[in-house]
Amino acid sequence: MDTFFLEFRDPLFGIIIFFVLVFVITFFSYWFSRLKKKEDYRHLDKFLKQFHSLPSQNELKVLITKGELSEKSWLLLANSYTQNGNYEKSIEIYSELLKVGDKSNYRDTLFLLGKTYFKAGFLERAKQIFLEILKNNPRTPQAINYLLLVYEQMKDYNAALELLEPLGELKKDVTMISAYLNSLSILNSARMAPDEKAYKLLEIYKSCNHLDYLVFEYVFRINPKAAWENFDASKAELIVDLLWSCDKKDLNFDIIMQNGYLRELYTAKGYMKAATKSSIFELDVLINLDSKANATLGFEYICDNCKVVYPFAFNRCSSCHAIDTSRAELSLVKDYHKDFSEENNSFQ
């Protein structure tokens, strides 16, 4: 029977004791971590229950002051409210953090509050906040850019143009934004006649060779002849929807016949017979249909900078605020205008 027992001096006994201790420590560590995690979840659930219904401003003040959640967590919560469009709660959190939060984060929190006011449409409040930031920290390009956006939304283009000087001093390229703001100033001027606006816009276009959509969307409506004479046909795809919607009487067929893309576009439209096929699928289908089906081109617009898609054309992306990054994507849609015209004719 003694063979079944180990003396405490036997090396094997020490190994067994070692593994037993490892097992015991591992066992208790595992269950301790489980209990700790459970306790953490219970604490988190208790905290989140307070947000099942949105807390009032006074409740938020108490919660932030108690310090149960770090300032970074409050900032993340405020950002989530902003992402969901609940700007009011986001503004309340930022405002309370400015009162009781870490003073080293004051400027960053103030900037986030200004952005939220801007997104919510409170332009005057956003302006005052960005001006306050720049008063104490004039070399803050993010605040300058947002203040410029505020002035643009308020149509105070002179004030916006004045901000280009400090941006230039910060080594920022302001060529595009300068042309853009000057173009908007011209378009919104009450003192200029439509033709004068058109020619001034064309001057800006020639100097910067950008802003095709902004310029020609107006010029094609006011003076189609001048638009065709100054239009760079090699950039036709940038304003394909404008070209597609042009009346046949306003077309310059001499220019159209010199450009393959324009020939395909207006053959697909049914205005001419100058192309038999196209490398662009949508145009090729319409050319081959030869106006025998109620189909036309549809357009949606994608920002080349952030890739957000919009159902309408834009000159400045409302998501990333980039200028002149709109690109039209073609699609085939039912031609309801043709259906409507045929219905009207059937009653005559």
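The rules we used
- Residues numbered from 1 in each chain as written.
- Predicted model: local features only at pLDDT ≥ 70, side-chain atom pairs only at ≥ 80, totals over all residues.
- Heavy atoms only, no water.
- Helix = DSSP H or I, 4+ residues; strand = E, 2+ residues; numbered from the N terminus.
- Contact = heavy atoms within 4.5 Å.
- Areas by Shrake-Rupley, 256 points an atom, 1.4 Å probe, with all protein chains shown as cover.
- Expected span 1.5 Å × (residues − 1).
- Buried < 20%, exposed > 50% of the residue type's maximum accessible area, 1.4 Å probe, protein only.
- Phe/Tyr/Trp six-rings, centres within 6.5 Å; stacked < 30°, edge-to-face > 60°.
- Lys NZ or Arg CZ within 6 Å of the ring centre and 35° of its normal.
- 1 Å grid on protein atoms, 1.4 Å probe; cavity = no way out; pocket = protein on both sides within 12 Å on 5 of 7 lines; lining within 4 Å.
- Points joined across faces, edges and corners; volume = space filled by probe spheres on them.
- Nonpolar A, V, L, I, M, F, W, Y, C, P; charged D, E, K, R; others polar.
- Disulfide = S-S within 2.5 Å.

J.: Help me understand the overall build of the chain in this model?
T.: Helix and strand content of the chain: 18 helices and 3 strands. A fraction of 47% describes how many contacts in the chain between residues 6 or more apart in sequence connect residues 24 or more apart. Accessible surface, the chain: about 21800 Å² in total, of which carbon and sulfur atoms supply 54%.

J.: In this structure, what is going on with helix H10 (residues 175-187)? I would like to understand it.
T.: One turn of the α-helix equals 3.6 residues, which is why residues spaced by three or four share an orientation. The end-to-end C-alpha distance of H10 is 19 Å, a good match for the 18 Å that 13 residues give at a rise of 1.5 Å each. Every buried residue of H10 is accounted for by Ile177, Ala179, Tyr180, Leu181, Ser183, Leu184 and Ile186.

J.: Looking at this structure, how should I read unusual backbone geometry?
T.: If a residue is not glycine, its phi is most likely negative; likewise, a peptide bond is most likely trans. In the Ramachandran plot, Lys155 falls in the positive-phi region, its phi being about 60° despite a non-glycine side chain. With respect to the helices and strands, Lys155 occurs in the loop between helix H7 (141-153) and helix H8 (157-162). Under the relative-accessibility criterion, Lys155 is labelled exposed at 55%. With a phi angle near 70°, Lys307 is a residue other than glycine that sits in the positive phi range. Tracing the backbone through its elements, the reader meets Lys307 in the loop between strand S1 (295-303) and strand S2 (309-310).

J.: Explanation requested: the packing of aromatic side chains in the structure shown.
T.: Aromatic ring pairs are defined here through the distance separating the ring centres and the angle between the ring planes. According to the stated counting rule, one finds 14 aromatic pairs in the structure shown. Pairing Phe216 with Phe220 gives two aromatic rings, centres 6.0 Å apart and planes at 50°, and the pair type is tilted. Taken together, the residues Phe216 and Phe220, both in helix H12 (residues 212-222) and 4 residues apart, mark about one turn of the helix. Accessibility classification places Phe216 together with Phe220 in one group, the buried group. The ring of Phe122 is capped by Arg125, whose NZ or CZ atom sits 5.6 Å from the centre of that ring.

J.: What's the story with the layout of surface pockets in this structure? I'm lost.
T.: Empty space among the atoms can be located by rolling a probe the size of a water molecule over them. Estimates place the volume of the largest pocket at around 350 Å³. Taken together, 15 residues line the largest pocket, and the ones lying closest to its centre are Asn145, Ile177, Arg316, His321 and Ile323. Per-class residue counts for the lining of the largest pocket are 9 nonpolar, 3 polar and 3 charged.

J.: Mind showing me how you'd approach the state of the cysteines here?
T.: Covalent bonding between the sulfur atoms of two cysteines defines a disulfide. On inspection of all chains with the given rule, the structure shows 0 disulfides. Not part of a disulfide, Cys317 finds its nearest cysteine sulfur in Cys306, a span of 3.6 Å. Owing to a relative accessible area of 0%, Cys317 belongs among the buried residues under this scheme. The thiol of Cys320 is not disulfide-bonded; the next cysteine sulfur, from Cys306, is found 3.7 Å away. According to the relative accessible area criterion, Cys320 is partly exposed, its value standing at 26%.

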